[in-house]
Amino acid sequence: MGGVLMGEFVISVRYTTKGAFGTEPGPTKFLVVPANQKDTRPAQQIARGKWVDAVLKEAKTGESTHTGKPLGDILVFIHGYNNAPPAVLKRHRLLKKDMKAQGYKGAVVSFDWPSASMAINYLEDRSDAKKTAIKLVEDCIALFSAVQARGCEINVHLLAHSTGAFVIREAFDDADDRIKISSANWSVSQIALIGADVSSKSMSATDSKSDSVYRHCVRLTNYANPYDSVLKLSNIKRIGVSPRVGRVGLPDDIPTKAVNVDCGSYFKTLIKSEAEYDGTFSHSWHIGDDFFARDLFFTIQGDIDRDRIPTRTFDRNGRLCLEK
């Protein structure tokens, strides 16, 4: 079993059919994907307890000099719509490689919720995202909050792409409605949103939709790209929706723990054709970009104030920007 546990950690909430994962919600499976496999499979499932122990072992970076308890970090990646399992695993591995190159020493986990491999399934994917948010609560947040309750100083961080931000928002709101979870003193450390497909106004400090997200995190960082073509209002799949936070940024009325990082100027310096990229580049450029990974690493570390992170600067309008 020791050799099997060397691999990628994935939580899958897809149903299974004929030994493969499908595009509808199903029972939660805890996977360890071997390095020589390019797809997630139900056969990679192991017992939840063994999976948690393996994640914690990889997450540990040391021990507290005060309590003797383990110190460490777990970065949970929640993908967006239109992601088949092979694409999820590919981005997981790239994210892990990027972060390790920057000095990140913790564990990386992907939460794989059911989404199709065709863009026309946007609305169905969003419906499935809402259904599976409860799984993020019960089989990820609750698991790691229980670890925190035992005194382990393991920080849990969330990175959500596109509709993954919607999954987080629904999950946190649902968690507060469940007595067993809401009665526990749980929280995550850093939440980072990239290409986030939720409305900007819903991230206001006074909006009930995001109240639980803000209350249960130490910091929320939104990376906005005004050139994100997927999040434009004229996109036929998304007609009639309000401006998205991943394109226009956070509203003015946000809690002090939230920060917006404008990536527009930096994105304009990047040159990459859509043919070379897996997905729409303007919407998904973050994973695979070492400069973004460096900013995310500083964010997760939390050692430098958000206004002094060396990958950021202020523009003439006082906006915090990602810039070399």
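See the structure above.
Report follows, based on the coordinates.

What counts, and where the lines are drawn
- Each chain has its residues counted from 1, following the order in which its sequence is written.
- Two thresholds apply to this predicted model, a pLDDT of at least 70 for residue-level local features and 80 or more for giving and counting side-chain atom pairs, whereas whole-chain, interface and lining totals are computed over all residues.
- Remark: hydrogens and water are excluded; side-chain values derive from all non-hydrogen atoms of the structure.
- Salt bridge, as used here, is a side-chain nitrogen of Lys or Arg placed within 4 Å of a carboxyl oxygen of Asp or Glu.
- Helix and strand labels come from DSSP, where a helix needs a run of H or I of at least four residues and a strand needs a run of E of at least two; each type is numbered from the N terminus.
- Partly exposed residues are those whose accessible area sits between 20% and 50% of the maximum for their type, while under 20% is buried and over 50% is exposed, using a 1.4 Å probe and protein chains only.
- For our purposes a nonpolar core is just a set of buried Ala, Val, Leu, Ile, Met, Phe, Trp, Tyr and Cys residues, chained together by side-chain atoms within 4.5 Å.
- Only heavy atoms enter the contact rule, under which two residues are in contact if any of them lie within 4.5 Å.
- As a rule, the C-alpha atoms of each element are fitted with a line to give its axis, helices using only the stretch in contact, and angles between N-to-C directions run from 0 to 180 degrees.
- Oblique is the label for every angle not falling under 35 degrees (roughly parallel), over 145 degrees (roughly antiparallel), or within 65 to 115 degrees (roughly perpendicular).
- Should the near helix be turned anticlockwise from the far one by less than a right angle, the crossing is left-handed, and should it be turned clockwise, the crossing is right-handed.
- Classification used: nonpolar for Ala, Val, Leu, Ile, Met, Phe, Trp, Tyr, Cys and Pro, charged for Asp, Glu, Lys and Arg, polar for all others including Gly.
- Cysteine sulfur atoms that pair up within 2.5 Å are treated as a disulfide.
- In this description, strands pair whenever DSSP reports at least two bridges between them.

### Observations regarding the pattern of salt bridges
Inspection of every chain in the model, using the stated rule, returns 11 salt bridges. Here Glu8 ties to Lys96 by a salt bridge, and the two come within 3.2 Å at their closest N and O atoms. Here Glu8 is found in strand S1 (residues 8–17), whereas its partner Lys96 is found in helix H2 (residues 85–102), with 88 residues between them in sequence. Comparing Glu8 with Lys96, the two get one shared label, buried.

### Notes on the nonpolar core
With 55 residues, the main nonpolar core has Trp51, Phe172 and Ile191 as its most contacted residues. Among the elements that line this core, the one with the most residues is helix H3 (residues 122–149), at 8 residues. If we ignore the near neighbours within four places in the chain, the residues touching Trp51 are Phe9, Val10, Ile11, Phe30, Leu31, Val32, Ile46, Val109 and Phe144. Core analysis: the next-biggest nonpolar cluster, separate from the first, contains 26 residues, Ala192, Cys263, Phe291 and Leu322 among them.

### Comments concerning the packing of H2 against helix H10 (residues 290–301)
Two elements in contact, H2 and H10, have axes whose closest approach is 9 Å; the angle formed by their N-to-C orientations is 70°. With respect to each other, H2 and H10 are oriented roughly perpendicular. Relative to H10, H2 is oriented so that their crossing is right-handed. Contacts between H2 and H10 pair Leu95, Asp98, Met99 and Gln102 from the former with Asp290, Ala293, Arg294, Leu296, Phe297 and Ile300 from the latter. Residue composition of the contact of H2 with H10, grouped by class: 6 nonpolar, 1 polar and 3 charged.

### Examining the environment of Lys257
Position of Lys257 relative to the elements: it lies in the loop between helix H7 (245–248) and strand S9 (258–262). A sequence separation of 37 residues divides Lys257 from Leu220, and the C-alpha atoms of the two residues are 6.4 Å apart. Non-local contacts of Lys257, meaning those with residues more than four positions away in its chain, are made with Tyr214, Arg215, Cys217, Val218, Arg219, Leu220 and Arg306.

### Looking at the state of the cysteines
Within the structure shown, the criterion is met by 0 disulfides. No disulfide involves Cys321; its sulfur sits 8.5 Å from the nearest other cysteine sulfur, which is in Cys263. Accessibility expressed as a relative area gives 3% for Cys321, which makes it buried.

### Notes on the pairing of strand S6 (residues 153–161)
Of all the 9 residues making up S6, 7 are buried; the element is thus mostly covered by neighbouring parts of the structure. When strand S4 (residues 70–78) meets S6, the two strands line up parallel, connected through 8 bridges. Residue pairing in the sheet places Leu71 in a bridge with Glu153 of S6. Bridge count for S6 against strand S7 (residues 188–194) is 4 bridges, and the pairing is parallel.

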